[in-house]
Amino acid sequence: SLLLAHMSMITIPASDRVFGRPPSFTLDQFTPLGLLVADPLVIIAKHEGPYKSLQEMIEAARKAPGAVAYGSSGNYSAVHVPMEMIALNAGVKFNHIAYQGGGPALTAVMGGHVVATMVSPAAAIPQVKRGDLRALAVTGSRRIPTMPDTPTVIESGIPDVDFYLWVGVFAPAQLPENIGQAIRDGITKAMRDPELIGQMTKLNLPIEHMDAPAFKAFLAKEEPRLSAVIQRIGKVD
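I will try to describe carefully the structure that is included in this document. Since we're looking at a predicted model, the values are computed, not measured.

What to know about the layout of surface pockets
Here the largest pocket defines a volume of roughly 540 Å³. Forming the walls of the largest pocket are 24 residues, and the residues nearest its centre are Ala 38, Pro 40, Arg 142, Tyr 164 and Glu 208. Those elements that place two or more of their residues in the lining of the largest pocket are β2 (30-40), β9 (207-211) and α8 (212-233). In terms of residue class, the lining of the largest pocket is made up of 11 nonpolar, five polar and eight charged.

What to know about the environment of Ile 43
Its location among the elements puts Ile 43 in strand β3 (residues 42-46). Sequence separation between Ile 43 and Met 83 is 40 residues, and the spatial gap between their C-alpha atoms is 8.8 Å. Look past the residues within four positions of Ile 43 in its chain and what remains in contact with it is Leu 54, Met 83, Ile 86, Ala 116, Thr 117, Met 118, Arg 134, Ala 135, Leu 136, Ala 137 and Val 153.

As for the pattern of salt bridges
If you walk through the whole model with that rule in mind, you get seven salt bridges. Glu 208 is paired through a salt bridge with Arg 142; the nearest N and O atoms lie 3.8 Å apart. Of the two residues, Glu 208 sits in strand β9 while Arg 142 sits in the loop between β7 (133-138) and β8 (164-172), which places them 66 residues apart along the sequence. The partly exposed category is assigned to Glu 208, whose relative accessible area is 31%. Here Arg 225 makes a salt bridge to Glu 222, at a shortest N to O gap of 3.1 Å. Of this pair, Arg 225 and Glu 222 both sit in helix α8, three residues apart, which is roughly one turn of that helix. You can call Arg 225 partly exposed: its relative accessible area is 28%.

Rules and cut-offs
- Residues numbered from 1 in each chain as written.
- Predicted model: local features only at pLDDT ≥ 70, side-chain atom pairs only at ≥ 80, totals over all residues.
- Heavy atoms only, no water.
- 1 Å grid on protein atoms, 1.4 Å probe; cavity = no way out; pocket = protein on both sides within 12 Å on 5 of 7 lines; lining within 4 Å.
- Points joined across faces, edges and corners; volume = space filled by probe spheres on them.
- Helix = DSSP H or I, 4+ residues; strand = E, 2+ residues; numbered from the N terminus.
- Nonpolar A, V, L, I, M, F, W, Y, C, P; charged D, E, K, R; others polar.
- Contact = heavy atoms within 4.5 Å.
- Salt bridge = Lys/Arg side-chain N within 4 Å of Asp/Glu carboxyl O.
- Buried < 20%, exposed > 50% of the residue type's maximum accessible area, 1.4 Å probe, protein only.

Printed below as a string of structure tokens:
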């Protein structure tokens, strides 16, 4: 059995520990086989909203701690964690509103109930081009080619915030080496397929393939980093 999973492989056990619960699972119960994609997120706001840049949003939060509300897809989610990374590094406090998924959080932005959320570039680009949304910043280490005018969070003056919503393939621990190698070879072949690359490019989901050794090294850095952020966030009911 194979598992296709993202950062929840790290955040679920970390949040369990925050609440003093035995972790539902731990990363060492799995064999990482390969990273498929690693997408930065886009901080988006309503085009007619009060903030035209991430700096303006942070300054507002600095003047009125807890008054600037953003929506997420849930506690310790792929929006909650990077937004709190920004808040912690900027020394400000946002008002986190957890919704039952990314769709409701985006609807809340459009309705003016919260000022911002985060979405993938694939979800942001069409609505930014239509003028419905404004892109404030991207969470990756470099600008997105399809959104060249949108600065990174780091360029916006917030250091040490480099976040990607990654997706990887995992198998059970103690996977026989010959089986693992065969699957890895298949993943590598698929990730190099021109048709797949073309389809992913059309979806604004560029492939970021890492084979098992590089993926394991990536996870070794990602696990303590994300776990530390969740510890700093603390208990969220």
